[in-house]
Amino acid sequence: MTDPAIPSPTDTLSSFDAFSQLQLAAPLARAVAEMGYTSMTPIQAQAIPKVLQGHDVMGAAQTGTGKTAAFSLPLLQRMLAHENTSTSPARHPVRALVLLPTRELAIQVAQSVKDYAKYTQLRSAVVFGGMDMKPQTAELKAGVEILVATPGRLLDHIEAKNAVLNQVEYVVLDEADRMLDIGFLPDLQRILSYLPKQRTTLLFSATFSPEIKRLANSYLQDPVTIEVARPNAAASTVEQHFYSVGDDDKRRALHQLLRRHEARQAFVFVNSKLGCARLARSLEREGLKTTALHGDKSQDERLKALDAFKKGEVDLLVCTDVAARGLDIKDVPAVFNFDVPFNAEDYIHRIGRTGRAGASGLAVTFVTRSDARLVVDLEKLLKAKLEIEPIEFDEDSPDIRRQGRINDGRRLYAGEDVPAEPRAGGRASRAGSAGGDGERRERGARRDPLVRPPPLSRDPFFDKPYEEPDTREETPSWEASGPRPARGISANIKPKRRVAALFKPELPAMSDQLS
């Protein structure tokens, strides 16, 4: 007996253009309609029918094209056969396992699964590192059908006997190339060893590398390969620009391009965690609402930063490549690569944060002289010659007042005006000024970091011009008092040199004086 909700293998892929044609179960169709899904993306149109038919799938699609729905909806459709209202944990074993490389991506996918399954009795949970295991353990003990996890924390729960995976029917490896880059391959091999041999395995990635193909050959059985775009290609809706700038002009170029393109919000990617924190502080001092997101942030801080950016409370999200994978934040108009990524494939994921779901976007990369090798790697990946443009600044000289800190280590505080010419004679000016306004202006002028007062001389000796020292040897005064008396000693014996006495000579005794 066949499920009428599952299309037959004879259906052609071209017949599926809208979600209404998939004949999803009523609870899933209702949730999809409420989320505003009407037409399917290419990866969804090709992957969903194959997953519904039970095939292993190896899918490659650009980030932001709806891969989450491409594997979530068919899995939920097939798992409705196990739906029940029992409160017993034994009736809710883990049947679908979704593995992802980062905490943020795991939270996002888990939320999407909950939204799709909110009108069903299927339970879902998410486990990731960086937080206490007790709440996660309680949720796992209660029983879940769909488990979304990062590899490291899942192994912790497996070793603690909190997660039993002997009834898993579906496994999804999302952003598989990123998991291999991070070094999760040994963890993935351990996790897959706990799963039944008979299962459906889905592998999704934005890029196809030789390592990914070897992983697919090891764990997928006769997979259907789906490529909806040229591998390692950027989305056609993203306008890409490369600008040649110096290291000291990057922040100035960022300000100018934000004004030129009138970008309300943007991602700013850097290569290091330290550089991320420093750049965020500098941009904050320069008047931009900025927050940082990198691996040294706690999980609570990372979630707060993402939430503030999604709500529009923050203009710029300065981040490392921890945010380059899978984060789905709508209507982000621009991405700035403050640093050229070390790994060329990360460039595809970075610029994939904009131009999502068919919208247009802007991707700007700042290139310095030291980035020549990284640019060559990008050209090899994109299979195109990059056109690096010179950037023309609106003003001839940089506005040092907006750079936050100058060479002498002092800051220019907000509200202080820089006079055109330094004032001389501060005391006389202050004495001649009337009222408190003149005195405040004098204080502001003295505090101005751009005008340094002349150094005060502490010793008039150091103000004298340089004089050549007299190299002639002078006879000490105690030796020049008179000629030395002749002594009847050998000429080979040098006489003792007379030196100045430090103490008075000892007076003769009184008895000697009386005698």
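Higher on the page you've got the structure.
First things first, this report covers the structure right here in the doc. (Residues numbered from 1 in each chain as written. Predicted model: local features only at pLDDT ≥ 70, side-chain atom pairs only at ≥ 80, totals over all residues. Heavy atoms only, no water.)

1. Examining the overall build of the chain
Assigned secondary structure in the chain consists of 17 helices and 14 strands. Here the chain holds 515 residues, and 45% of them are scored as buried. Contacts spanning at least 24 positions in sequence make up 74% of the contacts within the chain whose residues lie at least 6 apart. Approximately 29,200 Å² of the chain is accessible, and the part contributed by carbon and sulfur atoms is 50%. (Helix = DSSP H or I, 4+ residues; strand = E, 2+ residues; numbered from the N terminus. Buried < 20%, exposed > 50% of the residue type's maximum accessible area, 1.4 Å probe, protein only. Contact = heavy atoms within 4.5 Å. Areas by Shrake-Rupley, 256 points an atom, 1.4 Å probe, with all protein chains shown as cover.)

2. Notes on the pairing of strand E3 (residues 124–127)
As defined by bridge partners, E3 adjoins strand E4 (residues 146–149) across four bridges and the pair is classed as parallel. For Ala125, the partnering residue across the bridge sits in E4 and is Leu147. For the segment spanning E3, helix H5 (residues 133–142) and E4, crossover handedness is right-handed. (Pairing = 2+ DSSP bridges. Right-handed = clockwise from strand over helix to strand, strands pointing away.)

3. A look at the sheet that holds strand E7 (residues 224–227)
In space, the seven strands of this open sheet follow the order E3-E4-E2-E5-E6-E1-E7, with parallel pairing throughout. Lying at the two open borders of the sheet, with one neighbouring strand each, are E3 and E7. Between one strand axis and the next, the sheet turns by 15° as a mean value, whatever way the strands run. Relative to strand E6 (residues 200–205), strand E1 (residues 57–60) runs parallel, the two being bridged by four bridges. Paired with Gly59 across the bridge in E6 is Phe204. Contacts from helix H9 (residues 210–219) reach E1, strand E5 (170–174) and E6 within the one sheet, and its direction differs from that of E6 by about 175°. (Axes fitted to C-alpha atoms, helices over the stretch in contact; angles between N-to-C directions.)

4. Examining H9
Among the residues of H9, Ile212, Leu215 and Ala216 are the ones counted as buried. Each buried residue of H9 sits inside an arc of 100° when the element is viewed along its axis, so together they form one side. In this structure, H9 carries Pro210, Asn217 and Ser218 as exposed residues pointing more than 90 degrees from its buried face. Along its buried surface, H9 packs onto E1, E5, helix H7 (176–182), helix H8 (185–193) and E6. (Arc of directions from axis to C-beta.)

5. Topic: unusual backbone geometry
Despite not being glycine, Lys161 has its phi angle at roughly 60°, a positive value. Secondary-structure assignment places Lys161 in the loop between helix H6 (151–159) and E5. Of note, Asp222 is a non-glycine position whose phi angle comes to about 45°, a positive value. If you trace the backbone, Asp222 turns up in the loop between H9 and E7. Residue class for Asp222 comes out exposed when judged on its relative accessible area of 72%.

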